[in-house]
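A structural walkthrough
So you can see what is in the structure, the chains are spelled out below.
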Amino acid sequence: MSERPRIKKLGKIILVSAVLCTSLAGCKKKAEAEEDNSQIILGFSQIGAESEWRIRNTESILEAAAENGIQILYENARQKQENQLQAIHSFIISQVDVIAFVPIVETGWDNVLQEAKDAGIPVIVVDRMIKTADKSLYAGLIGEDSFTEGRKAAEFLVKKYNSSKPDEPLNILEISGTENSSPAYERARGFRSVIQKEPKFRIIHSESGDFLRSKGHEIASKIISFNGGLSIGQNPIDIIFSHNDAMTWGVLDALRENNIHATTVTIVTIDGERKSIEALTYGAINCVVECNPNTGPKLCELVKMLHEGKPIPPITYVDGEVFTEFDSFTKFAGKGF
């Protein structure tokens, strides 16, 4: 499904889940809902709609909120931390019951989280980790284990190249996510925790693609143009490790435009879009590490617990699978988003 229809669908979901809303800007505040004191109001700040994963993550949360009778005040930060800080301020002013947000970067949240704490509003961090001087500023984190995702990506490579000779180096191009974001840092760290034990693997170039398809395309196109092919100087690129599917498809776009067949390089990606899993069947991608975007149901459970005055776990991970070229393709049926 293209991004435009998905975004239109989000608008419909928001109208359903944000009960009695006539528009995002006109959502009723808590003071206007005094007649129903039992209804939970959740302020939710998403970082944007930069990928199919992010769109599905938002859908999951809005759908689950509607199913659980939770009113949502939803804000799209459009990839800017200042927009998120403003949104969280507005949630505090509106006296929501719980705040949940997907942090664009790891730092810079202490002041606004202290304001929420002073106002008696618990905060749940979603999808990405943050660094704070005081961990009591937020109730807990729900999301994926990015370190394990990076490790699983590297473990596939170890298996695939198990029989290769130690003296034949395998050159890796890494396209990482947004700088100073926890998924980018942890996926890189998990990946290196495995390959650094295998001398045959060498990361010869690593560059941030900001989790964007356009940036993945830009990086690959630049490398191909500058080096006259898929290489860094005299070193051919054997493996591409991409931190998300959006950037991976940008790379595939660039390969196709330059008449380079995807099967000439091993591609490992993280996310689990349906089209990426399907690409395993025709060899365009070799391994997909799933990052499950469907955090909504579990997030709503945590929101209800906090509303009832109960503590929540410090970290709640959402499980994901690994799909590879070694699997029976019947495993892929119905998988992805």
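Notes on the structure follow. Keep in mind that what you see is a predicted model, and the values were worked out from it rather than measured. (Residues numbered from 1 in each chain as written. Predicted model: local features only at pLDDT ≥ 70, side-chain atom pairs only at ≥ 80, totals over all residues. Heavy atoms only, no water.)

**Section: the overall build of the protein chain**
When you go through the protein chain residue by residue, the secondary structure sums to 10 helices and 14 strands. By sequence separation, contacts in the protein chain at least 24 residues apart represent 74% of the contacts at least 6 residues apart. If you sum the accessible surface of the protein chain, you get close to 15000 Å²; carbon and sulfur atoms cover 51% of it. (Helix = DSSP H or I, 4+ residues; strand = E, 2+ residues; numbered from the N terminus. Contact = heavy atoms within 4.5 Å. Areas by Shrake-Rupley, 256 points an atom, 1.4 Å probe, with all protein chains shown as cover.)

**Some thoughts on the pairing of strand β1 (residues 41-46)**
Burial of β1 is extensive: 6 of the 6 residues sit out of reach of the surface. Burial along β1 is two-sided: Ile41, Gly43 and Ser45 and Leu42, Phe44 and Gln46, pointing in opposite directions, are all buried. Of the crossover connections in this fold, the one passing from β1 over helix α2 (residues 52-67) to the parallel strand β2 (residues 71-76) is right-handed. In the sheet, β1 pairs with strand β3 (residues 98-101) via 4 bridges, with the strands oriented parallel. Counterpart to Ser45 in the pairing with β3 is Phe101. (Buried < 20%, exposed > 50% of the residue type's maximum accessible area, 1.4 Å probe, protein only. Right-handed = clockwise from strand over helix to strand, strands pointing away. Pairing = 2+ DSSP bridges.)

**A closer look at the packing of α2 against helix α10 (residues 296-307)**
It is the contact of α2 with α10, at a shortest axis distance of 7 Å, that shows an interaxial angle of 50°. Accordingly, the angle class assigned to the pair α2 and α10 is oblique. For the element pair α2 and α10, the recorded crossing hand is right-handed. For the pair α2 and α10, contact is made by Ser60, Ile61, Ala64 and Ala65 and by Gly296, Pro297, Leu299 and Cys300, respectively. (Axes fitted to C-alpha atoms, helices over the stretch in contact; angles between N-to-C directions. Parallel < 35°, antiparallel > 145°, perpendicular 65-115°, else oblique. Left-handed = near helix turned anticlockwise from the far one by under 90°.)

**Considerations on the packing of aromatic side chains**
Under the counting rule described, the total for this entry stands at 7 aromatic pairs. Measuring from ring centre to ring centre gives 6.2 Å for Tyr161 and Phe201, while their planes differ by 80°; the resulting arrangement is edge-to-face. Taken together, the residues Tyr161 in the loop between α5 (146-160) and β6 (170-176) and Phe201 in strand β7 (residues 201-208) connect sequence positions 40 residues apart. Both residues of the pair, Tyr161 and Phe201, belong to the buried class. An aromatic cluster of at least three residues, connected via ring pairs, comprises Phe323, Phe329 and Phe332. (Phe/Tyr/Trp six-rings, centres within 6.5 Å; stacked < 30°, edge-to-face > 60°.)

**Digging into the sheet that holds β3**
With parallel pairing, 6 strands are arranged side by side in an open sheet as β2-β1-β3-β4-β5-β13. Each end of this open sheet is capped by a strand with a single partner; those strands are β2 and β13 (315-317). Put simply, the sheet's adjacent strands are angled 20° from each other on average, direction ignored. Here 3 bridges tie strand β5 (residues 140-143) to β13, and the two strands are oriented parallel to one another. Along β13, the bridge assignment pairs Ile142 with Thr316. Most of the contacts of helix α3 (residues 81-93) go to β1, to which it runs at about 175°, and overall it touches β1, β2 and β3.

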